[in-house]
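The lines below spell out each chain.
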Amino acid sequence: MSSALSLARITPDTIDAALALKVRPDQEALVAPVATSLAEAYAHGDTAWPRLIMDGERPVGFVMAFFDIGFNPEQPDDRPRSGLWRLLVDADRQRGGYGRFAVEQVCAEIRRRGGTRATVTYVPGPEGPAAFYTGLGFRPTGETSGDQTVAELELEPAVR
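Residues numbered from 1 in each chain as written. Predicted model: local features only at pLDDT ≥ 70, side-chain atom pairs only at ≥ 80, totals over all residues. Heavy atoms only, no water.

**Q** What's the story with the side chain of R86 in this structure? I'm lost.
**A** Note on placement: R86 falls in strand β4 (residues 80-89). The class of R86 is buried, set by a relative accessible area of 14%. Within the local environment of R86, its side chain forms a polar contact with the side chain of E40, the two groups lying 2.7 Å apart. Once you skip the residues sitting within four places of it in the chain, R86 turns out to touch V31, A32, S37, E40, F62, V63 and M64. (Helix = DSSP H or I, 4+ residues; strand = E, 2+ residues; numbered from the N terminus. Buried < 20%, exposed > 50% of the residue type's maximum accessible area, 1.4 Å probe, protein only. Polar contact = N/O pair within 3.5 Å; in protein donor to acceptor, adjacent residues only side chain to side chain. Contact = heavy atoms within 4.5 Å.)

What follows is the structure in structure tokens.
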């Protein structure tokens with residue numbers, strides 16, 4: 001992992017590189033492809049925040065955050081949540097700190113927007129990303145979203 005990491009908007013110049021990002025075959029059931037994520041981002045407008053994970057000029061992954069979405073709007077105590085919607089690091093670039101970087105950047109954006117908590121959902125099980133998110137401080141809430149585990153991370157207040 002280099003020191004030139006950043007998140008970048010997806011543009012006409014980078015769309016093909018974004019669509020070429022793929023996880024390992026054994027991970028395909030754990031995360032939707034970038035094309036699906038971009039379609040969802042288009043459909044959800046301002047609540048979705050899709051970004052390429054860049055190492056210098058090279059795209060190495062994709063992250064999509066969400067902001068202020070209710071998980072259970074039919075419940076009176078439902079609160080808007082912000083967090084990670086998708087995280088995908090290209091198969092040949094995994095275990096290089098890119099996922100951690102992307103999560104940290106999403107958390108920074110949530111803090112910048114006034115949020116105090118980051119939410120993630122993930123496929124449970126021994127092959128899933130539970131250990132990755134637990135290692136970053138996320139804790140399961142006991143809730144599920146569809147067939148996925150819901151976990152949250154309390155964020156330190158933004159430094160002003």
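Structure's up, so let's keep going.
**Q** How do you make sense of helix α2 (residues 34-44) when you look at a structure like this?
**A** All of the buried residues in α2 are V34, S37, L38 and A41. Projected down its long axis, α2 shows its buried positions confined to an angular sector of 100 degrees, all on one face. The elements touched by buried residues of α2 are α1 (15-20), β2 (48-55), β3 (58-70) and β4. One or two steps after α2, the chain reaches G45, where phi turns positive at roughly 50 degrees. (Arc of directions from axis to C-beta.)

**Q** Help me out: how do you make sense of the pattern of salt bridges in this one?
**A** Any two side chains of opposite charge can pair, on the condition that their charged atoms come close. Counted by the stated rule, this structure contains eleven salt bridges. With its nearest N and O atoms 3.3 Å apart, the salt bridge here joins E152 to R81. With E152 in strand β7 (residues 148-154) and R81 in strand β4, the pair connects residues that are 71 residues apart, well separated along the chain. On the basis of relative accessible area, R81 is assigned to the buried category, the value being 5%. Ionic pairing is found between R117 and E152, a salt bridge with its closest N-O pair at 3.5 Å. Here the residue R117 occupies a position in strand β5 (residues 117-122), and E152 occupies one in strand β7, the gap between them amounting to 35 residues. (Salt bridge = Lys/Arg side-chain N within 4 Å of Asp/Glu carboxyl O.)

**Q** Is there a simple way to think about the sheet that holds strand β1 (residues 5-8) in this case?
**A** Two orientations exist for strands paired in a sheet by backbone hydrogen bonds: parallel and antiparallel. Spatial strand order, β1-β2-β3-β4-β5-β7-β6: seven strands in an open sheet with mixed pairing. The strands lining the two open edges of the sheet, one partner per strand, are β1 and β6 (139-145). For this sheet, the mean inter-axis angle between neighbouring strands, taken without regard to orientation, is 30 degrees. Judged from the four bridges that link them, β6 and β7 form a sheet pairing that is antiparallel. Pairing of T144 across the sheet is with T149, part of β7. Running over the sheet, helix α3 (residues 98-112) touches β1, β2, β3, β4, β5 and β7 and is turned about 160 degrees from β4. (Pairing = 2+ DSSP bridges. Axes fitted to C-alpha atoms, helices over the stretch in contact; angles between N-to-C directions.)

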